[in-house]
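# What the coordinates show
Read off the chains here:
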Amino acid sequence: MAVSLRYFNQTGWTAIFNGTDTEIGRMVRVEGWDQATGTALVVDPKRGALRAVTDYEDFSHLERADQVVAAVPGGGWRVHWKDEGPGGTPLTEQVLAWLITSQGRATAITVDAAGHTEDADSADVFIPPGEDPVS
């Protein structure tokens, strides 16, 4: 599983689509803006090109996304979940990096023993460097 970057992008916006009879509802990151109309543009994977969100019949609205302005090393921090390990057991993982947003928010990105990365927004406890794990 990889980190879902749907809430992190360069423009700071995500397009929300309700879905149709043949397409499921979805969130798509806004890649830029049409210079002539100011309309948000998203990647159309079928056409292989940028396309205005208003060209889609199921376009609903735009939502703010975080813009990552920096990434800093985890610095020895760990995160702990009380029941996210195998069979609902406790789980502690290293913070690989902190993503810093334009709004000053820091999001911990963890890496597990298999090398999979994920955000740690749902962690129960953040453990500073040098402190003992939660018991």
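For clarity, every value in this text was computed on a predicted model and none was experimentally measured.

Turning next to the sheet that holds strand β4 (residues 40-44). Strand order across the open sheet formed by three strands is β3-β4-β5, with antiparallel pairing between neighbours. A strand with exactly one partner marks an edge of an open sheet, and here the two such strands are β3 (32-33) and β5 (49-52).

Now for the pattern of salt bridges. One pass over the full model with this rule turns up eight salt bridges. Ionic pairing is found between Arg26 and Asp58, a salt bridge with its closest N-O pair at 2.6 Å. Remark: Asp58 occurs in the loop between β5 and β6 (59-64) and Arg26 occurs in strand β2 (residues 26-29); sequence separation between them is 32 residues. A salt bridge links Asp121 to Arg105; the nearest nitrogen and oxygen atoms lie 3.0 Å apart. With Asp121 in the loop between β11 (117-119) and β12 (125-127) and Arg105 in the loop between β9 (91-101) and β10 (106-111), the pair connects residues that are 16 residues apart, well separated along the chain.

By the secondary structure assignment, Asp83 is in the loop between β8 (78-81) and β9. Relative accessible area serves as the criterion here: at 48%, Asp83 is assigned to the partly exposed category. Separated by 44 residues in the primary sequence, Asp83 and Ile127 have C-alpha atoms spaced 16 Å apart. Ignoring any residue separated from it by four or fewer positions in sequence, one finds Asp83 in contact with Gly88, Thr89 and Pro90.

Note: strand β7 (residues 68-73) against β9, five bridges, orientation antiparallel. The residue bridging Ala70 from the neighbouring strand is Ile100, located in β9. Here β8 runs beside β9; their pairing, made up of four bridges, is antiparallel. In the strand pairing of β9, Val79 is matched with Glu93. When β9 meets β10, the two strands line up antiparallel, connected through six bridges. Looking at β10, one finds that Leu99 is bridged to Thr107. Where β9 hands over to β10, the hairpin turn is made up of four residues, of which Gly104 adopts a positive phi near 90 degrees.

Definitions and limits used
- Here the residue index of a chain counts from 1 through its sequence in written order.
- Only residues with pLDDT of 70 or above have their local features reported here, since the model is predicted, and side-chain atom pairs are shown and tallied only from 80 upward, although totals for entire chains, interfaces and linings are computed over all residues.
- Calculation of side-chain values draws on the structure's entire complement of heavy atoms; hydrogens and water are dropped beforehand.
- Criterion used throughout: strands pair if DSSP finds at least two bridges between them.
- Strands here are runs of E lasting at least two residues and helices are runs of H or I lasting at least four, both read from the DSSP assignment and numbered beginning at the N terminus.
- Note on definitions: salt bridges are taken to be side-chain nitrogens of Lys or Arg within 4 Å of carboxyl oxygens of Asp or Glu.
- Burial status follows relative accessibility: with a 1.4 Å probe on protein chains alone, a residue under 20% of its type maximum counts as buried, one over 50% as exposed, and anything between as partly exposed.
- Any two residues whose heavy atoms approach within 4.5 Å at even a single point are treated as in contact.

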